[in-house]
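If you want the building blocks of each chain, they are given just below.
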Amino acid sequence: MFKHGTTQKPSKPITLDVEDQQKMAKVGLEMKLLTSEVDAEAEKWDEYAENDIVKKAKAMSSMAYNMYLFTRGDGPLKTTHDLFTQAEFFAEQANKMYKTVREFSYEVPGSPEKNDLSATLEKIPIHCQQLQVLVKSPTVGKSATFSKVDSVIQETKNLMNEIAKLVTACFVCATKYEIEFRGASNSRGALPEDYQQRSSRESTLWRRTPSIRRTAPPPLHAISTQDI
């Protein structure tokens with residue numbers, strides 16, 4: 001038996017009815033558009049291989065898209081509890097993105113581009129905290145739960161908007177200052193160990209190297225397979 005105030009699920013998970021879905025249509029569509037924007041920005045990184053920034057951006061885009069589908073009564077998220085769990089994972093992924101981009105930023109020389117990157121980066125933890133607070137807030141009754149759903153999706157959208165800006169800023173810095181991802185062990189399937197190694201504060205993921213990509217990009221797949 002649950003005690004009031006000791007759980008984040010004092011009421012049963014609910015599904016959205018048609019009226020609820022209609023109310024959520026606008027914010028849901030805005031979420032969908034942001035997922036498309038993030039996906040498009042992530043695709044620009046293809047010539048830099050599948051680095052951590054791209055992977056995290058795509059994972060967050062997928063989560064946000066599932067939340068958009070929920071507003072339409074579709075997709076893998078069936079109940080409000082499913083939605084809130086997804087939002088919690090989304091915030092966790094955003095925090096990981098923050099750490100990865102902060103490490104990347106160490107390789108960017110002082111410049112207006114770095115200033116833009118840093119300004120956007122510092123907004124991420126604030127939105128993450130706000131989303132986590134919303135997710136953990138208890139609700140009782142359908143009306144309160146719907147209000148929580150609306151707030152969670154709105155804040156997820158706000159965070160997704162900053163992630164889109166962040167991915168763009170990272171790409172601008174990576175291309176202008178020729179910063180390449182140094183994640184060779186990823187291709188060997190050593191992801192768990194690789195992630196452990198990346199916990200060091202030293203920037204081991206990224207490096208600045210002379211590149212001819214801006215003038216004559218070589219075959220990308222050949223780089224990713226032969227140079228590793």
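What counts as what
Residues numbered from 1 in each chain as written. Predicted model: local features only at pLDDT ≥ 70, side-chain atom pairs only at ≥ 80, totals over all residues. Heavy atoms only, no water. UniProt positions renumbered as here; feature names shortened; annotations may be inferred. Helix = DSSP H or I, 4+ residues; strand = E, 2+ residues; numbered from the N terminus. Buried < 20%, exposed > 50% of the residue type's maximum accessible area, 1.4 Å probe, protein only. Areas by Shrake-Rupley, 256 points an atom, 1.4 Å probe, with all protein chains shown as cover. Core = buried A, V, L, I, M, F, W, Y, C linked by side-chain atoms within 4.5 Å. Salt bridge = Lys/Arg side-chain N within 4 Å of Asp/Glu carboxyl O. Contact = heavy atoms within 4.5 Å. pLDDT = per-residue confidence, 0-100. Axes fitted to C-alpha atoms, helices over the stretch in contact; angles between N-to-C directions. Parallel < 35°, antiparallel > 145°, perpendicular 65-115°, else oblique. Left-handed = near helix turned anticlockwise from the far one by under 90°.

In the nomenclature of an unreviewed UniProt entry, the chain corresponds to Alpha-catulin from the organism Steinernema carpocapsae. The heading Subcellular location (unreviewed entry) in the UniProt record of the chain holds the text "Cytoplasm". Quoted verbatim from the Sequence similarities (unreviewed entry) field of UniProt, the annotation for the chain is "Belongs to the vinculin/alpha-catenin family."

S.K.: Account for the overall build of the chain, with residues named and values stated.
M.R.: When helices and strands are tallied, the chain shows 8 helices and 2 strands. Within the chain, buried positions represent 43% of all 228 residues. Element-wise, carbon and sulfur atoms account for 53% of the exposed surface of the chain, whose accessible area totals about 12200 Å².

S.K.: Describe the nonpolar core, listing the residues and the values that go with them.
M.R.: Within the largest apolar cluster, 48 residues are counted, with the highest numbers of intra-cluster contacts made by M97, F104 and L117. Within the residue set of this core, elements represented by two or more residues are α1 (18–43), α2 (52–71), α3 (80–105), α4 (112–121), α5 (124–136) and α6 (142–176).

S.K.: Describe the pattern of salt bridges, listing the residues and the values that go with them.
M.R.: Where charged atoms from two side chains of opposite charge come close, those side chains can pair. In the structure shown here, the tally under the stated rule is 3 salt bridges. A salt bridge links E113 to K176, with the shortest nitrogen-to-oxygen separation between them at 2.8 Å. Taken as a pair, E113 in helix α4 and K176 in helix α6 lie far apart in primary sequence, 63 residues in all. Between K165 and E162 there is a salt bridge, with the nearest N and O atoms lying 3.7 Å from each other. You can see K165 and its partner E162 sitting in helix α6, 3 residues apart, about one turn around the helix. Note on K165: relative accessible area 37%, which makes it partly exposed.

S.K.: Give me the lowdown on the environment of V149, citing residues and values where you can.
M.R.: Structurally, V149 can be placed in helix α6. On the basis of relative accessible area, V149 is assigned to the buried category, the value being 0%. For the pair V149 and T80, spaced 69 residues apart in sequence, the C-alpha to C-alpha distance is 7.1 Å. For V149, the residues in contact, after removing those within four places along its chain, are M24, F70, T80, L83 and F84.

S.K.: So what's going on with the confidence of the model for the chain? Residues and values would help.
M.R.: When the pLDDT values of the chain are averaged, the result is 75; 67% of them are 70 or greater. Of all helices and strands in the chain, the one with the weakest mean pLDDT is helix α7 (residues 191–197) (37), whereas α5 scores best (96). Note on residues 209–228: pLDDT is under 50 here. Beyond four places in sequence and across chains, it has 23 contacts.

S.K.: Break down the packing of α3 against α4 for me, citing the residues and quoting the values.
M.R.: Close contact between α3 and α4 brings their axes to 11 Å; oriented N to C, the two are set at 160 degrees. When the axes of α3 and α4 are compared, the pair comes out roughly antiparallel. As α3 packs across α4, the resulting crossing turns out to be left-handed. Across the interface between the two elements, Y98, V101, R102, F104 and S105 from α3 touch K114, L117 and L121 from α4.

S.K.: Residues and numbers for the environment of I126, please.
M.R.: Of note, I126 is situated in helix α5. In sequence terms I126 and L159 are 33 residues apart; their C-alpha atoms lie 9.1 Å from each other.

S.K.: How would you sum up the environment of P76? Please name residues and give values.
M.R.: Structurally, P76 can be placed in the loop between α2 and α3. Between the C-alpha atom of P76 and that of N66, which follows or precedes it by 10 residues, the distance is 6.8 Å. Residue contacts for P76: discarding those within four places in its chain leaves N66 and D82.

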